Amino acid sequence: MGILQHVEHQISALNDLIKINNDRVTGYQKAIEGTEEQKLKKLFADYIEDSKKYIGDLTGHLHFLGGDPASGTTLAGKFYHTWIDVKAKFSKKDNVSILSDCEYGEDVANTAYRNALDDKELIWKDEHIVSILSRHLKELKATHDHIKELRDSSIALALQSKKVEKPVIEPADTDINN
């Protein structure tokens, strides 16, 4: 692979990561709209800000490489967000399903970053961008784990609230004289 092709490959990979972060912004905006819980709304807003910072980091390196940043989302993200919209219209959104959707989005983001760092054709010669991508991945992993923990807690809470006391069964009235 020639130097120009190598740079174009890096630009393409960074733009894919920008699109993934755009997907995260859209996903967390939908999550904010779907929950009534203020703590979750705040958390999701923080994750939106994280993605915007990541986009800024990636854009800076793109400019260094001579590339222009992508502005849209991934095709998979568009399909996923459309599916979430359709699903929301036909079912009640609860925190468990919202957090499950967020966890899925975090899985996608983690995989994209891991793939960019592990891609053998993307020989990242600039340690600065490797450091940025590694930091993003570490933070995304922590976000994923936190979302998963919140989801698991919400599941446990939902199961606990649905527990019904053992019904009291009264003996049948067998007095046939009444």
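Please refer to the structure higher up on the page.
These numbers were taken from a predicted model, which means no experiment stands behind them. (Residues numbered from 1 in each chain as written. Predicted model: local features only at pLDDT ≥ 70, side-chain atom pairs only at ≥ 80, totals over all residues. Heavy atoms only, no water.)

Peer 1: It is not clear to me how the overall build of the protein chain should be interpreted in this structure. Could you clarify?
Peer 2: When you go through the protein chain residue by residue, the secondary structure sums to five helices and zero strands. The burial tally for the protein chain puts 35% of its 178 residues in the buried class. At a minimum sequence separation of 6, the contacts of the protein chain that also span at least 24 residues come to 79%. When the accessible surface of the protein chain is summed, it comes to about 11,400 Å², and 57% of that surface belongs to carbon and sulfur atoms. (Helix = DSSP H or I, 4+ residues; strand = E, 2+ residues; numbered from the N terminus. Buried < 20%, exposed > 50% of the residue type's maximum accessible area, 1.4 Å probe, protein only. Contact = heavy atoms within 4.5 Å. Areas by Shrake-Rupley, 256 points an atom, 1.4 Å probe, with all protein chains shown as cover.)

Peer 1: I'm lost on the packing of helix α2 (residues 38-65) against helix α4 (residues 95-118) in this one. Help?
Peer 2: When two helices pack together, you describe them by how their axes are tilted relative to each other and by the distance separating the axes. Between α2 and α4, the shortest axis-to-axis distance is 13 Å and the interhelical angle comes to 15°. What the angle tells us is that α2 and α4 run roughly parallel. Seen from above, α2 lies across α4 with left-handed handedness. Note on element contacts: α4 touches α2 through Asn95, Ile98, Leu99, Cys102 and Tyr113, opposite Leu40, Phe44, Tyr54 and Leu58. A class-by-class count of the residues in the contact of α2 with α4 yields eight nonpolar, one polar and no charged. (Axes fitted to C-alpha atoms, helices over the stretch in contact; angles between N-to-C directions. Parallel < 35°, antiparallel > 145°, perpendicular 65-115°, else oblique. Left-handed = near helix turned anticlockwise from the far one by under 90°. Nonpolar A, V, L, I, M, F, W, Y, C, P; charged D, E, K, R; others polar.)

Peer 1: What's the story with the nonpolar core in this structure? I'm lost.
Peer 2: The tendency in soluble globular proteins is for nonpolar side chains to be buried as a group. The biggest cluster of nonpolar side chains holds 23 residues, and the ones touching the most others in it are Leu14, Leu17, Leu58, Tyr113, Trp124, Ile129 and Leu133. At the level of secondary structure, the elements contributing two or more residues to this core comprise α1 (3-34), α2, α4 and α5 (127-161). Those residues in contact with isoleucine 129, other than ones at most four positions away along the chain, are Leu14, His61 and Trp124. In terms of nonpolar packing, the next biggest core, distinct from the first, is built from twelve residues, Val25, Phe44, Ile98 and Ile147 among them. (Core = buried A, V, L, I, M, F, W, Y, C linked by side-chain atoms within 4.5 Å.)

Peer 1: What is the right way to read the environment of lysine 19 from this model?
Peer 2: In this structure, lysine 19 sits in helix α1. As a C-alpha pair, lysine 19 and alanine 109 span 90 residues in sequence and 9.8 Å in three-dimensional space.

Peer 1: I keep staring at the packing of aromatic side chains and nothing clicks. Help me out?
Peer 2: Note on aromatic pairs: each is described by the distance of the centres and the angle between the planes. Under the definition given, this model contains two aromatic pairs. Where tyrosine 28 meets phenylalanine 44, the ring centres are 5.4 Å apart and the plane angle is 35°; that geometry is what we call tilted. One end of the pair, tyrosine 28, is in helix α1; the other, phenylalanine 44, is in helix α2, and 16 residues separate them in sequence. Here tyrosine 28 and phenylalanine 44 have matching classes, each one buried. Consider the rings of tyrosine 28 and tyrosine 47, whose centres lie 5.3 Å apart with planes at 55°: the pair is tilted. Of this pair, tyrosine 28 sits in helix α1 while tyrosine 47 sits in helix α2; the two residues are 19 residues apart in sequence, bridging distant segments of the chain. (Phe/Tyr/Trp six-rings, centres within 6.5 Å; stacked < 30°, edge-to-face > 60°.)

Peer 1: Sorry, what's going on with α5 here?
Peer 2: Residues three or four positions apart in an α-helix share a direction because the helix packs 3.6 residues into each turn. The terminal C-alpha atoms of α5, which comprises 35 residues, lie 51 Å apart, in line with the 51 Å expected from a rise of 1.5 Å per residue. All of the buried residues in α5 are Ile129, Val130, Ile132, Leu133, His136, Leu137, Leu140, Thr143, His144, Ile147, Arg151 and Ser154. The residue sitting at the N-terminus of α5 and contributing the capping side-chain oxygen is aspartate 126; that oxygen lies 2.8 Å from the backbone nitrogen of histidine 128. (Expected span 1.5 Å × (residues − 1). Polar contact = N/O pair within 3.5 Å; in protein donor to acceptor, adjacent residues only side chain to side chain.)

Peer 1: I tried to follow the pattern of salt bridges on my own but got confused; where do I start?
Peer 2: Side chains that differ in sign of charge can pair as their charged atoms come close. By the definition in use, this model includes nine salt bridges. Among the ionic pairs, arginine 151 bridges to glutamate 103, the shortest N-O distance being 2.2 Å. Highlighted residues: arginine 151 in helix α5 and glutamate 103 in helix α4, separated in sequence by 48 residues. Since its relative accessible area comes to 16%, arginine 151 is described here as buried. Look at glutamate 103 and you get buried, because its relative accessible area is 8%. Members of the salt-bridge network, linked through shared partners, are Glu103, Lys148, Arg151 and Asp152. (Salt bridge = Lys/Arg side-chain N within 4 Å of Asp/Glu carboxyl O.)

Peer 1: Before we go on, may I ask you to explain the packing of α4 against α5 in this structure?
Peer 2: Between α4 and α5, whose axes approach to 9 Å, the crossing angle comes to 160°. One finds that α4 runs roughly antiparallel with respect to α5. The interaxial crossing formed by α4 with α5 has left-handed handedness. Of the residues in the contact of α4 with α5, the class split is 13 nonpolar, eight polar and seven charged.

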